[in-house]
Amino acid sequence: MQVPDVVIAVDGYSSTGKSTFAKMVAKAFSFLYLDSGAMYRGVTLYALENGMIDAEGKIDEAALKAVINTLDLHFVHDEEGTKLYLSDRCIEGEIRTLGVSSHVSPVSAIPFVRNYVDDRLHSFSEGGRVIMDGRDIGTTVFPNAEIKVFMTADTDVRARRRYDEMVAKGENPDFEEVKKNLLERDYIDSHRETSPLTQAADAYVMDNTDMTLHEELVWITGLIQGRFGIYS
Ligand code: DC
């Protein structure tokens, strides 16, 4: 069967389950999954490890700008899923810690960081079926995406999901801290000057507060089959 080049853009607030949803769709319909937030997290980890963010959270933008185009951030796809690498080092674990989460929004608001990530995402997704999740995929990175999904969910439910995820990884988070970080990120992501998080006019909204993963899959299957006749 001829594989149509289809881009599905999945945007929404923090911890709405975008990556879980996108991974599930990628598996069911053989799409390449790309996590744009991981790229911003990778840049943030690099900046933290190289002394470019001080104790007050101030970012040394000049130092970061001088090296950003030399960073070899890329994804490796294997049977376990998609993992982010910085050169030959897998950084998938490090980029999900609260330390990175609490600095990633200001880093991702810097225009030259956004340009770097957008260029990388375009080069990773030349042709084929791609599903990508983030904050500005349907509005800025792929404004012509064939299907745009905007995900939202109740704040406490989102904070609980992030909290459970961290506990499962052996961390010992404080629920109120996790919720505070989530709300702060929502605010910065939606109010920054460059590519703020907004719902694209042609996006389909999914509020998954009370949805199971199976219900999410049924929902998107209807959209994909209706538009493209792709059955697997
Ligand atoms: O989806 P996530 O929580 O891993 O994203 C981490 C941060 O990256 C998020 O706070 C905002 C930023 N981000 C962005 O600005 N644009 C994207 N397309 C994806 C993420």
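This text goes with the structure placed above it.
Residues numbered from 1 in each chain as written. Predicted model: local features only at pLDDT ≥ 70, side-chain atom pairs only at ≥ 80, totals over all residues. Heavy atoms only, no water.

Draft legend 1. Spatial organisation of the overall build of the protein chain. Along the backbone of the protein chain there are nine helices and eight strands. The dimensions of the protein chain, computed from C-alpha atoms along their principal axes, are 50 × 35 × 35 Å. For the protein chain, the proportion of its 232 residues judged to be buried stands at 47%. Across the protein chain, every contact between residues at least 6 apart in sequence was considered, and the portion connecting residues at least 24 apart equals 75%. Summed over its atoms, the accessible surface of the protein chain is roughly 11,100 Å², and 50% of this surface lies on carbon and sulfur atoms. The averaged location of the 38 negative side-chain charges in the protein chain is 1 Å from the averaged location of its 24 positive side-chain charges. (Helix = DSSP H or I, 4+ residues; strand = E, 2+ residues; numbered from the N terminus. Buried < 20%, exposed > 50% of the residue type's maximum accessible area, 1.4 Å probe, protein only. Contact = heavy atoms within 4.5 Å. Areas by Shrake-Rupley, 256 points an atom, 1.4 Å probe, with all protein chains shown as cover. Lys, Arg positive; Asp, Glu negative; His and termini not counted. Charge placed at Lys NZ, Arg CZ, Asp CG, Glu CD.)

Draft legend 2. Region of interest: the packing of helix H2 (residues 36–49) against helix H5 (residues 111–124). Two elements in contact, H2 and H5, have axes separated by 10 Å at closest approach and are oriented at 135°. When the axes of H2 and H5 are compared, the pair comes out oblique. Pair H2 / H5 crosses with right-handed handedness. Contact with H2, carried on its side by Ser-36, Met-39, Tyr-40 and Val-43, involves Val-113, Arg-114, Tyr-116, Val-117, Asp-118, Arg-120, Leu-121 and Phe-124 of H5 and no other residues of that element. Within the contact of H2 with H5, the residues separate by chemical class into eight nonpolar, one polar and three charged. (Axes fitted to C-alpha atoms, helices over the stretch in contact; angles between N-to-C directions. Parallel < 35°, antiparallel > 145°, perpendicular 65-115°, else oblique. Left-handed = near helix turned anticlockwise from the far one by under 90°. Nonpolar A, V, L, I, M, F, W, Y, C, P; charged D, E, K, R; others polar.)

Draft legend 3. The sheet that holds strand E1 (residues 7–12), seen in detail. Strand order in the open sheet formed by five strands is E2-E6-E1-E7-E8, and the pairing between neighbours is parallel. Looking at strand neighbours, the two that pair on one side only are strand E2 (32–35) and strand E8 (204–207), the edges of this open sheet. Across the sheet, the mean angle from the axis of one strand to that of its neighbour is 20°, orientation sign disregarded. Contacting E1, strand E7 (147–152) and E8, helix H9 (residues 213–228) crosses the sheet at an angle of about 160° to E7. (Pairing = 2+ DSSP bridges.)

Draft legend 4. Geometry of the packing of aromatic side chains. Per the counting criterion, the structure on display carries three aromatic pairs. Taking the centre distance of 5.9 Å and the plane angle of 80° together, the rings of Tyr-13 and Phe-150 count as edge-to-face. With Tyr-13 in the loop between E1 and helix H1 (18–29) and Phe-150 in strand E7, the pair connects residues that are 137 residues apart, well separated along the chain. Under the relative-accessibility criterion, Phe-150 is labelled buried at 6%. (Phe/Tyr/Trp six-rings, centres within 6.5 Å; stacked < 30°, edge-to-face > 60°.)

Draft legend 5. Broad picture of the site of the ligand. Taken together, the neighbourhood of the ligand is formed by 16 residues, with Arg-41, Arg-114, Arg-135, Asp-136 and Arg-192 sitting nearest. At 2.7 Å, a side-chain N or O of Arg-41 approaches an oxygen atom of the ligand. Between an oxygen atom of the ligand and a side-chain N or O atom of Arg-114, the distance comes to 2.8 Å. A majority-of-atoms criterion places the ligand in the largest pocket. Residue contributions to the shell around the ligand peak at four residues, all from H2. For the shell around the ligand, the class distribution of residues is three nonpolar, five polar and eight charged. (Near = heavy atom within 4 Å. Polar contact = N/O pair within 3.5 Å; in protein donor to acceptor, adjacent residues only side chain to side chain. 1 Å grid on protein atoms, 1.4 Å probe; cavity = no way out; pocket = protein on both sides within 12 Å on 5 of 7 lines; lining within 4 Å. Sits in = over half its atoms within 2 Å of the grid points.)

Draft legend 6. Here's a closer look at a negative patch on the surface. Among the surface-exposed residues, Asp-54, Glu-56, Asp-60 and Glu-61 lie close enough to one another that they form a single negatively charged patch. The class for Glu-56 is exposed, based on a relative accessible area of 72%. (Patch = residues over 30% accessible without salt bridge, like charges linked within 9 Å, V, L, I, M, F, W, Y side chains within 5 Å. Salt bridge = Lys/Arg side-chain N within 4 Å of Asp/Glu carboxyl O.)

Draft legend 7. Here's a closer look at the layout of surface pockets. Its boundaries defined by the atoms lining it, the largest pocket holds a volume of some 1,100 Å³. Lining the largest pocket are 48 residues, and of these Ser-19, Thr-20, Lys-23, Tyr-33 and Asp-35 sit closest to its centre. The element that contributes the greatest number of residues to the lining of the largest pocket is H1, accounting for six residues. Each residue belonging to the lining of the largest pocket can be placed in one class, and the counts come to 10 nonpolar, 15 polar and 23 charged. (Points joined across faces, edges and corners; volume = space filled by probe spheres on them.)

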